[in-house]
Amino acid sequence: MLTLIVGFDTKSAAAISKCMIMGASASSVWYNLRVPHPCREVPIIDYDLALLFQPMLMLGITIGVSLSVVFPYWLITVLIIILFIGTSSRSLFRATEMWKEETILKKAMAEGQQTFVNSNGEILIDVEYEPLVPKEEKTALQIMRDNLNIKRIIVLLLVWICFLLLQVFKNDLRACTPLYWVLNLLQFPAAFAVFFYECIKLYKESKRRRLVGNQESICEANIQWTATNLALCALCGIIGGTVGGLLGSGGGFILGPLLLEIGVIPQVASATATFVMMFSSSLSVVEFYLLKRFPIPYALYLMSVSILAGFWGQFIVRKLIAILKRSSIIVFILSGVIFASALTMGVIGVEKSIRMINNHEFMGFLDFCSNQ
């Protein structure tokens, strides 16, 4: 939209969109902190998953921002289209599956059943809409206190500060000097230290639960935390961060569908993704600011609009979920926005390519005339 409507070039639009994502995600996190978990007595933000993905996302962002300096416009446009079509298709497939299961659930509820079997053969209990045990009424302050995990937030802040300081120090150095590369490489141990700590914690806890026959999930993800799955999460985190830094898209375009894929319910996936995006996008904003990539008045204005939009967007969508009793709405909105972005960028790319080709031919004609 920044490219099509306002007229920014792709690289400036990527930087300003990060400012907007930071504002929208911050307001969404504030809203989510005042919302209880839909079916469990746990925080709506999964801090285990946030600590698992956040370091890899931030590492990928620094790689992506560096690549955005050297990648040409056409390559960035092609990558945007490929990424958005792939993620939107997968999200739409996931949303359709969820819609069918919700239809079965509502039919079972209408018939007075308390359980039903979903497409994966799992027996589900209706705790999302009509809990078997009535929930204790809590005030907004109590809900916010329950949703906060101060220790995990401090760890995430420390990782963010480490990356921020490395970017600030690196900005004062001449590119490609030995100290410049040392500071770049220091980001890897900082990210992997936190990631491996969380990996070991999840792996040991998951193994211990399997040995005693306890199938309850450690966190919201309904997968077994094996070495292969943890390595895949690291790869997806780095790819998501790189794409976000390179293209200016939110890491949520990768993290949101990924969390849904590993079994996180939409409300928690949305809250966790926006929480992680708040940290990662703010780091991108600092990096783009140091590169002098965006005009500050435009960025401040659009970020203010995004803060309001993020808050009211959360409010309206949650009202729709409460009325329709379908959390798949979140996934349909996600896939729709991503697909619309792919179409928009495709149109822009074709128009600019034709303009560049015509301009090149015209300049070639002028050269021919001058030679004659």
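Residues numbered from 1 in each chain as written. Predicted model: local features only at pLDDT ≥ 70, side-chain atom pairs only at ≥ 80, totals over all residues. Heavy atoms only, no water.

Looking at an unreviewed UniProt entry, one finds the protein chain named Sulfite exporter family 4-like and attributed to Olea europaea subsp. europaea. Here is the UniProt Sequence similarities (unreviewed entry) comment for the protein chain, exactly as written: "Belongs to the 4-toluene sulfonate uptake permease (TSUP) (TC 2.A.102) family." Entered under Subcellular location (unreviewed entry) in the UniProt record, the comment concerning the protein chain runs "Membrane". (UniProt positions renumbered as here; feature names shortened; annotations may be inferred.)

**Concerning the packing of aromatic side chains**
Any two aromatic rings considered together are summarised by their centre-to-centre distance and by the angle between their planes. Applying the stated criterion across every chain yields a total of nine aromatic pairs. Between F192 and F196, the aromatic rings sit 5.7 Å apart at their centres with planes inclined by 25°, giving stacked as the arrangement. Taken as a pair, F192 and F196 lie in helix α7 (residues 178–211) at a separation of four residues, close to a single helical turn. Note on F196: relative accessible area 46%, which makes it partly exposed. Measuring from ring centre to ring centre gives 5.6 Å for W312 and F315, while their planes differ by 85°; the resulting arrangement is edge-to-face. A residue pair is termed a helical-turn pair when its members lie 3 or 4 positions apart in one helix, as W312 and F315 do in helix α11 (residues 296–324) at three residues. Residue W312 is classed as partly exposed on the basis of its relative accessible area of 47%. On the accessibility criterion, F315 (30% relative accessible area) is partly exposed. An aromatic cluster of at least three residues, connected via ring pairs, comprises Y31, F311, W312 and F315. We note R326 situated over the ring of W99; from NZ or CZ to the ring centre the distance is 3.8 Å. (Phe/Tyr/Trp six-rings, centres within 6.5 Å; stacked < 30°, edge-to-face > 60°. Helix = DSSP H or I, 4+ residues; strand = E, 2+ residues; numbered from the N terminus. Buried < 20%, exposed > 50% of the residue type's maximum accessible area, 1.4 Å probe, protein only. Lys NZ or Arg CZ within 6 Å of the ring centre and 35° of its normal.)

**As for the UniProt feature "transmembrane region" (unreviewed entry) in the protein chain**
Under the UniProt annotation, "transmembrane region" (unreviewed entry) lies at residues 73–93, 153–169, 181–200, 230–256, 268–291, 298–317 and 329–350. Along residues 268–291 the backbone is 96% helical and 0% strand, and the end-to-end C-alpha distance reaches 34 Å.

**Considering the packing of helix α2 (residues 10–32) against α11**
Viewed as axis vectors pointing N to C, α2 and α11 meet at an angle of 35°, and their least axial separation amounts to 7 Å. When you trace α2 past α11, the crossing you get is right-handed. Contact with α2, carried on its side by I16, C19, M20, M22, G23, A24, S27, S28, W30, Y31 and N32, involves Y298, A299, L302, M303, S306, I307, G310, F311, Q314, F315 and R318 of α11 and no other residues of that element. Its residues assigned to classes, the contact of α2 with α11 shows 14 nonpolar, seven polar and one charged. (Axes fitted to C-alpha atoms, helices over the stretch in contact; angles between N-to-C directions. Left-handed = near helix turned anticlockwise from the far one by under 90°. Contact = heavy atoms within 4.5 Å. Nonpolar A, V, L, I, M, F, W, Y, C, P; charged D, E, K, R; others polar.)

**Some points on helix α10 (residues 266–290)**
Taking 1.5 Å of rise per residue, 25 residues should cover 36 Å, and α10 covers 35 Å from first to last C-alpha, within 8% of that figure. Of all bends in α10, the biggest is about 25°, found at M278. Along α10, 21 of the 25 residues are buried, which leaves the element largely enclosed by surrounding structure. Positive backbone phi, at 55°, marks K292, one or two positions downstream of α10. (Expected span 1.5 Å × (residues − 1). Bend = angle between axes of the 7 residues up to and from the residue.)

**A word on the pattern of salt bridges**
This structure, assessed with the given rule, holds five salt bridges. The partner of R152 in a salt bridge is E198, with the nearest N and O atoms 3.8 Å apart. Remark: E198 occurs in helix α7 and R152 occurs in helix α6 (residues 150–171); sequence separation between them is 46 residues. For the residue pair R152 and E198, the accessibility class agrees, reading buried in each case. The partner of E205 in a salt bridge is R208, and the shortest N-O contact between them spans 2.7 Å. Highlighted residues: E205 and R208, both in helix α7, separated by three residues, approximately one helical turn. Its relative accessible area of 22% is what places E205 among the partly exposed residues. (Salt bridge = Lys/Arg side-chain N within 4 Å of Asp/Glu carboxyl O.)

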